[in-house]
Amino acid sequence: MKVLGIETSCDETGIAIYDTQAGLLAEQLYSQVDLHACYGGVVPELASRDHVRKAMPLVQECLQAAHLEFSDLDGVAWTAGPGLAGALLVGASLGQSLAWALDVPAVAVHHMEGHLLAPLLGSDPPAFPFLSLLVSGGHTLLVEVKALGDYTVLGDTLDDAAGEAFDKTAKLMGLPYPGGKALAELAEKGNPQRFDFPRPMMNRPGLDMSFSGLKTFTRVIWEKQRTQALTAGELEQLKADIAAGFQEAVIDTLVKKCQRALKQTGLKRLVVAGGVSANRSLRERLQTTWKHHGGQVYFPPVAWCTDNGAMIALAGALRLQVGQRKTDSAIEIHPRWSLESLNRPEAEG
Amino acid sequence: MNPTNKSLPPAPLLALDTATESCSVALTLPSGQCLSRDTDIPRQHSQVLFTLIDQLLEEAGIQKSELACLACGIGPGTFTGVRIAVAVAQGLAAALNLPIVPVSNLLAVAQDGYEQLAAQGIAPPPGFRLRAVIDARMHEIYSAVFHWDGSALQQTGKEQLLSAKQLLQKETQHPSDCLAGNALTVFDELSTLPSASMLPAARSHARTIAKLAAGQPRLVEPTSLQPAYLRQQVTHQKT
């Protein structure tokens, strides 16, 4: 079963074709990061405008790359939410239109389910059940994944997402948008012990997290330290030390919460996904910790950690394969959509 | 598909319009007969569009595979509405291998205005000047001027985004014979203009778009179909 996946929930236009037998056949991704950089964040209307320019050409490029015709498609899946309403509507309109025209089943996919299942695209996919740590610019979630559609959110951030905290901290120190990656690179050159960053929510029971306090802590140090007469070299070192201290505090929190979650659930497999999972230090820390616990940790390839069409094509294909499909012809979107409201497709009859 | 700029659009032609307050679809059959469906429920365009299309095909007794051409209102209008029509038309055209005729929603409003005059027994003479005015919100108006050339409306100048004040200035300098469109119901100051006819009920509809498309030889590929927003300033760059 060959399924076209369309992702337009935020600032990436992702298109892919997934075959339930042969795996991923083609994928195309267009990132709008440069478009939004000068605004310091995603501008929803500009994002929507770019999606409607890019989505259709990318669909055609995917078909060409996979040597397929439209008539070879057996289903269409699109990200219906959560995300920016205007941006979601572009993918949903195109997806519903293709499904209707081709007379093939359609399915509306939850964006986070796409991320949770993305590791299954890899060559060594984890078996259900597993614990998933989803860390991105929009989310910081600990989810127990029992089966397709059976998700329990164990922990969430109470304020900023981890990736968002990275970006905001970077912005504070004048790094260009989106600064999370630059901050992580800077952290490699810094001394994490120079400043005593707090470890928010660490001493409280439970699996929820909080990262906005770290950003405030950074602002206080940054404002205080940079007013002193510093050479260019000292200023760079100050930035690097703040970045290192900040990053270590975030990673400590994430690792600790993962450990607690694994203990609480008795699970052995940990899957780390989302944009922040590309962070090298986080990967190393989790690898070391899990080796110690005798568990396995999985990182999907970096390309599938950020928003992409492949994970939507996959999630859609898995649901269509077991018979789930949209029963009406609405251009379905859910800008706000709880992950836990999803069901195992079998249960939907 | 081999769209050329010389051939006129073939039938059956399916027209979509979701750019303004009403969501409408129309189907022109080879016989020339035009069927249509619409709904005025706000913010429901995405929910009902395909239901309306299905109803239309069923009424006409044709399959989607028999469609020969698409037409689409590409704006200006609500940004989201325009994108729904364009993205849907792109998908239909690509999957069913159909050419698309893009039609301006300002032209559709002007055409409706012209037809309202004709229905009142007024036969506009050649040279008759009609200005279409669509409420663009944020105290602005999408507008374009058209002339009746004896057989069709021809656009004069560009489509523009204007404040009511700018529009009043333009009309004072160069009055139109008729103003048509929903901006007349929103901007009271336009009622002071000396235009002979004011048609606030003139609106865009897929039926009008289907009719206009039949007279327009411009066919495009699905990826070339893009919205005409007119309003480009949608954010302020941080300095």
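Residues numbered from 1 in each chain as written. Chains lettered and ligands numbered in written order. Predicted model: local features only at pLDDT ≥ 70, side-chain atom pairs only at ≥ 80, totals over all residues. Heavy atoms only, no water.

## Regarding helix 5 (residues 162-172) of chain A
Residues and elements named next belong to chain A.
Phase 1 of the analysis: Those residues of helix 5 that sit buried are Ala-162, Gly-163, Ala-165, Phe-166, Thr-169 and Ala-170. Projection of helix 5 onto a plane perpendicular to its axis shows the buried side chains occupying an angular sector of 160 degrees, all on one side.
Phase 2 of the analysis: The inward-facing, buried residues of helix 5 contact strand 6 (130-135), strand 7 (140-147), helix 6 (180-187), helix 7 (212-226) and helix 8 (232-265).
Phase 3 of the analysis: Backbone geometry just downstream of helix 5 places Gly-174 in the positive-phi region, at approximately 80 degrees. (Buried < 20%, exposed > 50% of the residue type's maximum accessible area, 1.4 Å probe, protein only. Helix = DSSP H or I, 4+ residues; strand = E, 2+ residues; numbered from the N terminus. Arc of directions from axis to C-beta. Contact = heavy atoms within 4.5 Å.)

## Regarding the sheet that holds strand 9 (residues 269-273) of chain A
Paired through their backbone hydrogen bonds, the strands of a sheet run either parallel or antiparallel.
All names here are of chain A.
Phase 1 of the analysis: Strands sit in the order 8-7-6-9-10 across an open sheet of five strands; the sheet is mixed. The open sheet has two edge strands, strand 8 (150-156) and strand 10 (296-298), and neither has a second partner. Here the average twist between neighbouring strands, direction ignored, is 25 degrees.
Phase 2 of the analysis: With three bridges joining them, strand 9 and strand 10 adopt parallel strand pairing. Residue pairing for strand 10: Arg-269 is matched across the bridge by Gln-296. (Pairing = 2+ DSSP bridges. Axes fitted to C-alpha atoms, helices over the stretch in contact; angles between N-to-C directions.)

## Describing the packing of aromatic side chains
Phase 1 of the analysis: Tallied over the entire structure, the rule returns six aromatic pairs over all chains.
Phase 2 of the analysis: Centre to centre, the rings of Phe-128 of chain A and Phe-130 of chain A are 5.7 Å apart; their planes meet at 10 degrees, and the pair counts as stacked.
Phase 3 of the analysis: Since its relative accessible area comes to 0%, Phe-130 of chain A is described here as buried.
Phase 4 of the analysis: Between Lys-54 of chain A and the ring centre of Tyr-30 of chain A, over which it is positioned, the NZ or CZ distance is 4.1 Å.
Phase 5 of the analysis: Positioned over the ring face of Trp-100 of chain A is Lys-64 of chain B, at 4.2 Å from the centre of the ring. (Phe/Tyr/Trp six-rings, centres within 6.5 Å; stacked < 30°, edge-to-face > 60°. Lys NZ or Arg CZ within 6 Å of the ring centre and 35° of its normal.)

## Describing the domain arrangement of chain B
Residues and elements named next belong to chain B.
Phase 1 of the analysis: Taken domain by domain, chain B holds domain 1 (13-104 + 204-229) and domain 2 (105-199).
Phase 2 of the analysis: When each unit is reduced to the centre of its C-alpha atoms, the spacing between domain 1 and domain 2 is 24 Å.
Phase 3 of the analysis: For the pairing of domain 1 and domain 2, the buried interface totals around 1,200 Å² over both sides, and the portion due to carbon and sulfur atoms is 54%.
Phase 4 of the analysis: Residue Lys-211 pairs with Glu-115 through a salt bridge whose shortest N-O separation is 2.9 Å.
Phase 5 of the analysis: A class-by-class count of the residues in the side of domain 1 that touches domain 2 yields eight nonpolar, eight polar and three charged. (Domains from an automatic or database assignment. Buried area = accessible area lost by both parts, 1.4 Å probe. Salt bridge = Lys/Arg side-chain N within 4 Å of Asp/Glu carboxyl O. Nonpolar A, V, L, I, M, F, W, Y, C, P; charged D, E, K, R; others polar.)

## Remarks on the sheet that holds strand 8 (residues 153-163) of chain B
Residue and element names in this part refer to chain B.
Phase 1 of the analysis: Here we have five strands laid out as an open sheet, ordered 8-7-6-9-10, and mixed in their pairing. Looking along the sheet, the strands with just one partner apiece sit at the ends: strand 8 and strand 10 (197-199). Ignoring which end each strand starts from, the neighbouring axes of this sheet average 15 degrees apart.
Phase 2 of the analysis: When strand 7 (residues 140-148) meets strand 8, the two strands line up antiparallel, connected through eight bridges. For Ser-143, the partnering residue across the bridge sits in strand 8 and is Gln-160.
Phase 3 of the analysis: Sitting on the sheet, helix 3 (residues 105-119) touches strand 6 (129-135), strand 7, strand 8, strand 9 (178-180) and strand 10, and the angle it makes with strand 6 is about 125 degrees.

## Topic: the interface of chain B and chain A
Phase 1 of the analysis: Contact residues are listed per partner, giving 34 residues for chain B and 29 residues for chain A.
Phase 2 of the analysis: For the pair chain B and chain A, the two sides together bury roughly 2,700 Å², of which 64% comes from carbon and sulfur.
Phase 3 of the analysis: The largest contributions to the chain B side of the interface with chain A come from Phe-50, Lys-64 and Arg-83 of chain B, which together make up 22% of the buried area.
Phase 4 of the analysis: Counting the contacts that link chain B with chain A gives two salt bridges.
Phase 5 of the analysis: For Arg-83 of chain B, the salt bridge identified is with Glu-45 of chain A, shortest N-O distance 2.9 Å.
Phase 6 of the analysis: Taken together, the links from chain B to chain A amount to eleven residue pairs in polar contact (both at pLDDT 80 or more).
Phase 7 of the analysis: Put simply, the parts of the chain that give the side of chain B that touches chain A at least two residues each are helix 1 (45-60) and helix 2 (79-96) of chain B.
Phase 8 of the analysis: For the side of chain B that touches chain A, the element with the most residues is helix 2 of chain B, which contributes 13 residues.
Phase 9 of the analysis: In terms of residue class, the side of chain B that touches chain A is made up of 17 nonpolar, twelve polar and five charged. (Polar contact = N/O pair within 3.5 Å; in protein donor to acceptor, adjacent residues only side chain to side chain.)

## Some points on helix 8 of chain A
Phase 1 of the analysis: With 34 residues, helix 8 of chain A ought to run about 50 Å at 1.5 Å a step, and its terminal C-alpha atoms sit 49 Å apart, in line with that.
Phase 2 of the analysis: Within two residues after helix 8 of chain A, Gly-266 of chain A carries a phi angle of roughly 75 degrees, on the positive side. (Expected span 1.5 Å × (residues − 1).)

## Remarks on empty space enclosed by the protein
Residues and elements named next belong to chain B.
Phase 1 of the analysis: Within this structure, the stated rule accounts for one cavity of 30 Å³ or more.
Phase 2 of the analysis: Roughly 40 Å³ of volume is contained in the largest cavity.
Phase 3 of the analysis: If you go around the largest cavity, the residues you meet are Thr-20, Glu-21, Val-109, Ile-134, Asn-182, Ala-202, Arg-203 and Ser-204.
Phase 4 of the analysis: For the lining of the largest cavity, a count of residues per class yields three nonpolar, three polar and two charged. (1 Å grid on protein atoms, 1.4 Å probe; cavity = no way out; pocket = protein on both sides within 12 Å on 5 of 7 lines; lining within 4 Å. Points joined across faces, edges and corners; volume = space filled by probe spheres on them.)

## Description of the pattern of salt bridges
Side-chain pairing between opposite charges can occur once the charged atoms of the two side chains come close.
Phase 1 of the analysis: According to the stated counting rule, one finds 25 salt bridges over all chains in the structure shown.
Phase 2 of the analysis: In this structure, the salt-bridge partner of Glu-45 of chain A is Arg-49 of chain A, at a minimum N-O distance of 2.7 Å. With Glu-45 of chain A and Arg-49 of chain A both in helix 2 (residues 44-65) and four residues apart, this pair spans about one turn of that helix. With respect to burial, Glu-45 of chain A and Arg-49 of chain A carry one shared label: buried.
Phase 3 of the analysis: Across the salt bridge formed by Asp-103 of chain A and Lys-64 of chain B, the nearest N and O atoms sit 2.8 Å from each other. One end of the pair, Asp-103 of chain A, is in the loop between helix 3 (85-102) and strand 5 (106-110); the other, Lys-64 of chain B, is in the loop between helix 1 and strand 4 (69-73), on a second chain.
Phase 4 of the analysis: Connected through salt bridges with shared partners, the residues Asp-160, Glu-164, Lys-168 and Lys-215 of chain A form a single ionic network.

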